[in-house]
Amino acid sequence: MPLPTTYLSDSPTPVVEGAIASGWNPVCHITYNRDAWVKLLQPPSEYGFDEAKLLCQESPDTWVAWVPEHGEVVLDKSQFYC
């Protein structure tokens, strides 16, 4: 006797489908704070850590940060995440 099969709907809702079709791109609005540790997408050097401590915001898109075993760097928001 075969077991009953349950299918889950993998299709998004019509609202989401419409947003995707219209070219809507979700944007992450993470608020970073001074002294926060962030994970680097790519370490600044072969021997540098893959985490950095945010020191101060230099511009809307960049932060001055400290990376252990490397030193001070300027990071674009696209180079790290929480």
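Bear in mind the structure is a predicted one, so any value in this text is a computation, not a measurement.

**Thoughts on the confidence of the model for the protein chain**
Residue-level pLDDT values for the protein chain average 77, and 62% of them are 70 or greater. Least confident of the elements in the protein chain is helix H1 (residues 14–21), whose mean pLDDT is 58; most confident is strand S2 (residues 51–59), at 95.

**Some details on the sheet that holds strand S3 (residues 62–67)**
If you trace the five strands from one edge of the open sheet to the other, you get S4-S3-S2-S1-S5, paired in antiparallel fashion. The open sheet has two edge strands with one neighbour each: strand S4 (71–76) and strand S5 (80–81).

**A short note on the nonpolar core**
Side chains that are nonpolar tend, in soluble globular proteins, to be buried together. Counting residues in hydrophobic clusters, the biggest one holds 11 residues: Tyr32, Val38, Leu40, Ala52, Leu54, Trp63, Ala65, Val67, Val73, Leu75 and Phe80. When contributions to this core are tallied by element, the ones reaching two or more residues are strand S1 (37–40), S2, S3 and S4. Per element, the largest residue contribution to this core is three residues, and it comes from S3.

The rules behind each value
Residues numbered from 1 in each chain as written. Predicted model: local features only at pLDDT ≥ 70, side-chain atom pairs only at ≥ 80, totals over all residues. Heavy atoms only, no water. pLDDT = per-residue confidence, 0-100. Helix = DSSP H or I, 4+ residues; strand = E, 2+ residues; numbered from the N terminus. Pairing = 2+ DSSP bridges. Core = buried A, V, L, I, M, F, W, Y, C linked by side-chain atoms within 4.5 Å. Buried < 20%, exposed > 50% of the residue type's maximum accessible area, 1.4 Å probe, protein only.

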